[in-house]
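# Structural overview
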Amino acid sequence: MIVASIAEPAPDRVLARMDEAKRAGADVAEVRADFLERPELGEILARKTLPAIVTARASWEGGRWRGNEDDRIALLRTAALGGADYVDVEFKAYKDFERGKAALIVSYHDFEKTPEKLESIAQKMAALDPAAIKIACLARGAADLARLVELQKNLPRPGAVVAMGEAGEALRVMYARYGGMMTYASIGEATAPGQLPVGELVQAYRVKSVDDGTKVYAVVGDPVAHSRGPRVFNRVFHELGINARYVRVRLDDGALFRDVAAALELSGASVTVPHKEAVAARLDEADEAAKAIGAVNTVTVLEGRFIGTNTDAPAAAEAIREAAKRKWSHGVYGMRALVLGAGGAARAIAWALRAEGARVIVANRTFDRAKALAEELRGEYVAWDRLIEARAQVVVNATSVGLGTDESPFPRELWKKDAVALDCVYVPRATRFLREAREAGAETADGVEMYLRQANLQLQQWIGRGMPTELLKEFRATL
Ligand code: ATR
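What comes next is a walk through the structure. Predicted, not measured: the structure shown is a model, and the values here were computed from it.

### Some words on the overall build of the protein chain
Broken down by element type, the protein chain carries 17 helices and 20 strands. Across its three principal axes, the protein chain shows a C-alpha extent of roughly 80 × 45 × 40 Å. When the 479 residues of the protein chain are sorted by exposure, 56% land in the buried category. Of the contacts made within the protein chain by residues no fewer than 6 positions apart, 64% connect residues no fewer than 24 positions apart. Accessible surface, the protein chain: about 19300 Å² in total, of which carbon and sulfur atoms supply 48%. Positive and negative side-chain charges in the protein chain, numbering 66 and 66 respectively, have mean positions lying 3 Å apart.

Printed below as a string of structure tokens:
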């Protein structure tokens, strides 16, 4: 169930939020009594429109309650006898009290870390015989997320393990897949880091129909917050009637990829900046192209085996080929193609351009990486500050420059009318790189085009079919 956490100062505002949460699809409201100006719950409980959890979070547990402890417990007791459906009592200050018909949630919070020994804490909490256990910890990175997911799977009682912070998003979304009883969501101001709005859980992720048979796919990278993947893949799964979801996993360390994938029981992953090479080195199998490139953007998990492929390469080749045809009515055979960057995306694109017969020139901020890649491809390289020497007809931005900023890795004055440009960055869609190329009269393919092509090929790897044409059209117009 979705619990909307409500932090408002007055009863009428709490009730308005509760209505809003109900309309958005919340199943339960958590009334944060510690946010109330005056700790009176009578009106709220008499007029509530959703089942209510009453929480008066103490300041030593990350809440706002600054009053005395006896008053706090007295408030919870009054709430329990006054119609609350649940009361949330902190494990650290647990006190038994008369609760009438209210069910007990015993909770544990750590806003700074995911501590050791959580399993034994959960056992001690279970011994109090609560209706539910809630354990919420800050996931500092993917290792913490993996631990919290495992804890959720093995929780000795019904309950919720919450992974706070950006790194914990997958568990907030997929809680039901791992046996969680509830997820806490925001309506208005978030009450904890990483909380997602109720509406997003219901509409974008359709969490209400997630069950233990739901397949889980993820984009793994750092950063991933900008990824359009959830919007694209979840829509496609829905339209095709496939019980699967796609989530974002901020992976701070590529070496953790398999641990995280195992904890989340991933069926597949899109791999993005900066892990395309690290993940390529951690597979059971890779196709010839992925091996030659040394970078993967697509992992399919089949019977526990991790199989990698690279859909960036064919996607870039297609996108550049089409743009080239618009410009010159032929492909890129024999053309001078400058690849900016030397990371995973750059490797795939350089490789694909070479396979198309282009003359590849690599440039990268870190010169040694450009040189190494060029030598591998038997291509050329130029220094990052001497891009003019590339005399490029095709220019590809395979760096992350321009992602969320208004910068271009290619000097404006070097653009020529008779050029073709591809940007792998798709947020924003009209990057400075592409705008300047267009202003000079060059033909362009944007990051959305590249993104959708590689995503479509990814989907074919995972489910054996691509996106419906209508949807693809819609994404091209709206992403
Ligand atoms: P991916 O796997 O998506 O290609 P990556 O391996 O981290 O991600 O590669 C990122 C690329 O963007 C690299 O070529 C990087 O250059 P360095 O090798 O010098 O790190 C490039 N890049 C990132 N930020 C950059 C910046 N501010 N200026 C220039 N290049 C940048």
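Text resumes after the structure shown.
### Some points on the packing of aromatic side chains
Two numbers describe a pair of aromatic rings. These are the distance of the centres and the angle of the planes. Under the defined criterion, the tally for this structure stands at eleven aromatic pairs. Taken together, a centroid distance of 4.4 Å and an interplanar angle of 20° make the contact between F233 and Y246 stacked. Of this pair, F233 sits in helix α8 (residues 229–240) while Y246 sits in strand β10 (residues 244–250), and the two are 13 residues apart along the sequence. Y246 gets classed as buried once you look at its relative accessible area, which sits at 1%. Three or more aromatic residues joined by ring pairs make a cluster, and in this case those are Y217, F233, F237, Y246 and W462. When the ring centre of Y108 is taken as reference, the NZ or CZ atom of K92 above it lies at 5.1 Å. Seen from the ring of Y184, K134 lies directly overhead, with NZ or CZ sitting 4.0 Å from the centre.

### Focus: the pattern of salt bridges
Close approach of charged atoms allows side chains of opposite charge to pair. Per the counting criterion, the structure on display carries 52 salt bridges. The salt bridge involving R57 is made with D88; its shortest N-O contact spans 2.9 Å. One end of the pair, R57, is in the loop between β3 (52–55) and α3 (69–81); the other, D88, is in strand β4 (residues 86–90), and 31 residues separate them in sequence. Note on D88: relative accessible area 0%, which makes it buried. A salt bridge links R140 to D144, with the shortest nitrogen-to-oxygen separation between them at 2.8 Å. Residue class for R140 comes out partly exposed when judged on its relative accessible area of 46%. Connected through shared salt-bridge partners, E30, R57, E69, R72, D88 and E90 make up one network.

Reading the values: rules and limits
- Residues numbered from 1 in each chain as written.
- Predicted model: local features only at pLDDT ≥ 70, side-chain atom pairs only at ≥ 80, totals over all residues.
- Heavy atoms only, no water.
- Helix = DSSP H or I, 4+ residues; strand = E, 2+ residues; numbered from the N terminus.
- Buried < 20%, exposed > 50% of the residue type's maximum accessible area, 1.4 Å probe, protein only.
- Contact = heavy atoms within 4.5 Å.
- Areas by Shrake-Rupley, 256 points an atom, 1.4 Å probe, with all protein chains shown as cover.
- Lys, Arg positive; Asp, Glu negative; His and termini not counted.
- Charge placed at Lys NZ, Arg CZ, Asp CG, Glu CD.
- Phe/Tyr/Trp six-rings, centres within 6.5 Å; stacked < 30°, edge-to-face > 60°.
- Lys NZ or Arg CZ within 6 Å of the ring centre and 35° of its normal.
- Salt bridge = Lys/Arg side-chain N within 4 Å of Asp/Glu carboxyl O.

Read these as spatial facts, not as claims about activity.
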